[in-house]
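Commentary on secondary and tertiary structure
Chain by chain, the residues:
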Amino acid sequence: MSESSAEVVADVASAAVAASAAGAAGGWRRATGIAGVAIGVVAAGAAAGVALERMTVGRGMRQKARLALDSAGPYGSLRGMPGKAFADDGTELYYEVDDLDPEAAPAAIGPRRRRLFGRKSPAPVTVVFSHGYCLSQDSWHFQRAALRGVVRTVHWDQRSHGRSGRGVAQGRDEPVTIEQLGRDLKAVIDAAAPEGPLVLVGHSMGGMTVMALADQYPELISERVVGVAFVGTSSGRLGEVNYGLPVAGVNAVRRVLPGVLKVLGQRAELVEKGRRATADLFAGIIKRYSFASRDVDPAVARFAERMIESTPIDVVAEYYPAFNDHDKTEALVHFAELPVLVLAGVQDLVTPSEHSEAIADLLPDAELVLVPDAGHLVMLEHPEVVTDRLADLLTRTGAVPAGATVKGYGSTSTAQPG
């Protein structure tokens, strides 16, 4: 749920409940009361589903089901060679590298790439995956599984997310900016892929991070980047997104949410208790804003929920203002001469598919893929579609041999000549 007010909304709703129960100061109660009215509009649809579930499934049974899914689900279990990069403010950024399988390397280095990079033994293409807001590198689980050994990949956690360190600048009360995330990505590239061609893949906030990188380091794009994939992202105008709400609800949320989030971030311990106490409602809201399909694997839905749950409320709060300020439309020109994939879920309520269409309009040679019956976390909801189109992009850039094929939920095999 990158740049997702979905998680933000859920966090605020649960925090408001917790704050009221705790009997905080009058001003705090008024703030959360106003927020509760606004957030109630968002939560209504999800809460209705949760209420229906409560009639048939006891709370203890739901808790046991969550624990069973947590223990049995394989999602997010893939690990690579760990590494650390350091941002310009000293923030420690965690990344992992999945190297090219030595047995596959000769096939991957074909004549086309020798011509393109002018070496007898060119450095392998590195595919760098950037995740979204309130997620982690594990959100690319299916695509990572599909590409293991076939191409060199780097997966990293954005500052204050996953295994990366808390933003040092944010500890000094400096706001997070999309520009900062672009510089963070540059630090990761310098550490994990200092040479050789690159393919950049970003989901939602991760796509914005890639745009910010291009805006600040256009020479890196022109000299090293050979392909780009934007998944469920936006180049700007996020302040106009209505998140599937009526106008009154949207206006109320926009009016109070920034201030309320700031207050909530200062009461993180209280808020986290509230999140745990309202886990069922939280799960319902996450599902509504993450997925569009009715038959999403419960283990996948729980996997997404766990990633979002692990993002502290103060991190949610400090990131939120950056999205309204985000405008990287002009940076898209740096991708105009490259193979580009633009992919989105048709029913994405967080970064609507119209935003992807706007990106594709500015990159007329890009491949635009709109996935029906898909929401914001399209790479988890319809992994086979995302993996297939990404594999095609990598083939077009020369990152993988033409004989490499991707099947189903991401198992990869190399076709043998018949």
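Residues numbered from 1 in each chain as written. Predicted model: local features only at pLDDT ≥ 70, side-chain atom pairs only at ≥ 80, totals over all residues. Heavy atoms only, no water.

**A look at the overall build of the protein chain**
- When its secondary structure is counted, the protein chain shows 18 helices and 10 strands.
- In the protein chain, buried positions account for 56% of the 418 residues.
- Considering only contacts in the protein chain between residues 6 or more positions apart, those separated by 24 or more positions represent 81%.
- Accessible surface computed for the protein chain: about 17,000 Å², of which carbon and sulfur atoms make up 55%. (Helix = DSSP H or I, 4+ residues; strand = E, 2+ residues; numbered from the N terminus. Buried < 20%, exposed > 50% of the residue type's maximum accessible area, 1.4 Å probe, protein only. Contact = heavy atoms within 4.5 Å. Areas by Shrake-Rupley, 256 points an atom, 1.4 Å probe, with all protein chains shown as cover.)

**So, the pattern of salt bridges**
- One pass over the full model with this rule turns up 23 salt bridges.
- When the shortest N-O distance is used, the salt bridge between E96 and R79 registers 2.7 Å. In this pair, E96 sits in strand β2 (residues 92-98) while R79 sits in the loop between α3 (59-72) and β1 (81-86), placing the two residues 17 residues apart along the sequence.
- With a relative accessible area of 0%, E96 lands in the buried category.
- Under the relative-accessibility criterion, R79 is labelled partly exposed at 29%.
- With a shortest N-O distance of 2.9 Å, E367 and R389 are connected by a salt bridge. On the criterion of sequence distance, the pair formed by E367 in strand β8 (residues 367-371) and R389 in helix α18 (residues 383-397) is long-range, its members being 22 residues apart.
- The structure contains a network of salt bridges with shared partners spanning R79, E96, D98, D138, R144 and R148. (Salt bridge = Lys/Arg side-chain N within 4 Å of Asp/Glu carboxyl O.)

**Topic: the environment of G232**
- By the element assignment, G232 lies in the loop between β6 (225-231) and α11 (247-265).
- Residue classification places G232 among the buried positions, given a relative accessible area of 0%.
- Taking the C-alpha atoms as reference, G232 lies 5.8 Å from H203; in sequence the two are 29 residues apart.
- Apart from the residues within four sequence positions on either side, G232 is in contact with H203, S204, L343, A344, D348, T351, S356 and H376.

**Side note on the pairing of β8**
- Two elements, strand β7 (residues 340-345) and β8, share five bridges in a ladder whose sense is parallel. Note on β8: the bridge partner recorded for V342 is L368.
- Chirality of the crossover, the property in question, places the unit of β7, helix α16 (residues 353-362) and β8 among those that are right-handed. (Pairing = 2+ DSSP bridges. Right-handed = clockwise from strand over helix to strand, strands pointing away.)

**Observations concerning the confidence of the model for the protein chain**
- Here the protein chain averages 78 in pLDDT, while 65% of its residues score no lower than 70.
- For the stretch residues 1-57, pLDDT sits under 50, and the model shows 105 contacts to residues farther than four places along the chain or on other chains.
- Within the model, pLDDT remains below 50 along residues 410-418, and this stretch shows 18 contacts once partners closer than five positions in the same chain are excluded. (pLDDT = per-residue confidence, 0-100.)

**A look at the pairing of β1**
- Where β1 and β2 come together, six bridges link them in antiparallel fashion. Residue pairing for β2: G83 is matched across the bridge by Y95.
- Linkage of β1 to β2, two consecutive antiparallel strands, is achieved through a turn of five residues, within which G90 is found at a positive phi near 95°.

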